[in-house]
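Analysis of the macromolecular model
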Amino acid sequence: MKREIPANIAIIMDGNGRWAKAKGLPRTKGHLQGSENIRIIAKEANKLGIKNLILYAFSTENWARPEEEKNYLFQLPKLFFGKYIDELKRENIRVSAIGEYEKFPASTVSVINKAIEETKNCTGCNLCLAVNYGGRREIMLAAKQMAEDYKKGIVEEINEDCLSDYLMTEVKDVDLLIRTSGEVRVSNFLLWQIAYAEMMFVDCAWPDFSVEELHKCLEAYQYRDRRFGGLKNEN
Ligand code: IPE
Ligand code: IPE
Ligand code: MG
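Let me begin by describing the structure that accompanies this report. (Residues numbered from 1 in each chain as written. Chains lettered and ligands numbered in written order. Predicted model: local features only at pLDDT ≥ 70, side-chain atom pairs only at ≥ 80, totals over all residues. Heavy atoms only, no water.)

**A few points about the nonpolar core**
By size, the foremost hydrophobic cluster in this structure holds 41 residues, and its most contacted members are I11, L53, F81, I178 and F209. Every element with two or more residues in this core is listed here: strand 1 (8-12), helix 2 (27-48), strand 2 (52-59), helix 3 (67-90), helix 4 (106-118), strand 4 (126-133), strand 5 (176-179) and helix 7 (211-222). No other element matches helix 3, which puts eight residues into this core. If we ignore the near neighbours within four places in the chain, the residues touching F209 are I11, N37, I41, I178, T180, V202, C204, L214 and C217. I12, I98, V171 and L177 belong to the second-largest nonpolar core, a separate cluster that totals 15 residues. (Core = buried A, V, L, I, M, F, W, Y, C linked by side-chain atoms within 4.5 Å. Buried < 20%, exposed > 50% of the residue type's maximum accessible area, 1.4 Å probe, protein only. Helix = DSSP H or I, 4+ residues; strand = E, 2+ residues; numbered from the N terminus. Contact = heavy atoms within 4.5 Å.)

**A look at the packing of helix 2 against helix 3**
It is the contact of helix 2 with helix 3, at a shortest axis distance of 10 Å, that shows an interaxial angle of 30 degrees. One way to sum up the angle between helix 2 and helix 3 is to call them roughly parallel. In this structure, the crossing between helix 2 and helix 3 has a hand that is right-handed. Two secondary-structure elements touch here, helix 2 through R27, T28, H31, L32, S35, E36, I38, R39 and K43 and helix 3 through E69, Y72, L73, L76, L79, F80, K83, Y84 and E87. Residues belonging to the contact of helix 2 with helix 3 are distributed by class as follows: eight nonpolar, three polar and seven charged. (Axes fitted to C-alpha atoms, helices over the stretch in contact; angles between N-to-C directions. Parallel < 35°, antiparallel > 145°, perpendicular 65-115°, else oblique. Left-handed = near helix turned anticlockwise from the far one by under 90°. Nonpolar A, V, L, I, M, F, W, Y, C, P; charged D, E, K, R; others polar.)

**Concerning the sheet that holds strand 5**
Here six strands make up an open sheet; going across it, the order is 3-4-2-1-5-6 and the pairing parallel. Of all the strands in the sheet, just strand 3 (94-98) and strand 6 (198-201) have a single pairing partner and so form its edges. The mean inter-strand angle of the sheet, taken between neighbouring strand axes irrespective of direction, is 20 degrees. Where strand 1 lies against strand 2, five bridges are found, and the strand directions are parallel. What sits directly across from I12, in strand 2, is Y56. (Pairing = 2+ DSSP bridges.)

**A few points about the site of ligand 2**
In the neighbourhood of ligand 2, the contacting residues comprise I12, M13, D14, Y56, A57, F58, N62, R65, R179, R185 and S187. A distance of 3.2 Å separates an oxygen atom of ligand 2 from a polar side-chain atom of D14. Measuring from an oxygen atom of ligand 2, one finds a side-chain N or O atom of R185 at 2.8 Å. Look at ligand 2: alone it shows 390 Å² of surface, and the protein chains cover 78% of it. It is strand 2 that provides the largest number of residues to the shell around ligand 2, a total of three residues. Its residues assigned to classes, the shell around ligand 2 shows five nonpolar, two polar and four charged. (Near = heavy atom within 4 Å. Polar contact = N/O pair within 3.5 Å; in protein donor to acceptor, adjacent residues only side chain to side chain. Areas by Shrake-Rupley, 256 points an atom, 1.4 Å probe, with all protein chains shown as cover.)

**Focus: the site of ligand 1**
By nearness alone, 13 residues border ligand 1, and D14, G17, R18, R27 and R65 come closest of all. G17 places a main-chain nitrogen or oxygen 2.9 Å from an oxygen atom of ligand 1. Here ligand 1 loses 87% of its free accessible area of 380 Å² to cover by the protein chains. Elements with a contribution of two residues or more to the shell around ligand 1: helix 1 (16-22), helix 2 and helix 3. When residues in the shell around ligand 1 are grouped by element, the largest group, three residues, is from helix 1. Taken together, the residues of the shell around ligand 1 break down into three nonpolar, five polar and five charged.

**Some words on unusual backbone geometry**
Excluding glycine, a negative phi dihedral is what most residues carry, and trans is how most peptide bonds are arranged. Positive phi, close to 70 degrees, is recorded for N92, a residue that is not glycine. Among the secondary structure elements, N92 is positioned in the loop between helix 3 and strand 3. Residue N92 is classed as partly exposed on the basis of its relative accessible area, which comes to 27%. Unusually for a residue other than glycine, S187 sits at a positive phi of about 45 degrees. Topologically, S187 is positioned in the loop between strand 5 and strand 6. Look at S187 and you get partly exposed, because its relative accessible area is 29%.

This is the structure:
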């Protein structure tokens, strides 16, 4: 068996609401349990040597949710980092964020920024949270800025690498995309970066996505033959 660990993993953390409903709990309890699971999976990803773990926490479409649910989601980063920032730092996990999270309440924005600042010298896994993120919006904003810079002469030639540099992510290519909870769609996540990602859709809800489930995905990834448009790799 090939022993290849993907460098860059993205996860669409779906199914918090259904997880809660199945237990007769309010949806918010599912989000809380989902946020607890971020700690478990981030620590394991770090231990395995995964370089970037990009987690979809709130999409540009999630503004359509009821106010009560959104208000809870806005508070979650405070709860999460309040509890775990010291541990993340000890584990050498670097926190980063993509998306226009500055549109979240100011107190949440400052907690996220503080977590980024406090872990900026960590050299382990980059735990990147996508907060108020949408793939189409990211590409549109990148194209807009690139066009402005082209007009000013800052950009000489427009090409794929150039546009890629204007995206929000440090990672330009996702190796493995996982979506939990059974839905088989990408819901506007990292549209550019997943061009050649291996995709896995697992049935379990995000709060139940355990270290063992992650290992199963990594094992399956090792059997995928990534051809990138070329011919089958016979080695
Ligand atoms: C994912 O869980 C978390 C967010 C989208 C914020 P959901 O809240 O989408 O849970 P389901 O899909 O309704 O079960
Ligand atoms: C995608 O899940 C967004 C996040 C996990 C943050 P959704 O639950 O919002 O996606 P749809 O609406 O089922 O496509
Ligand atoms: Mg959902």
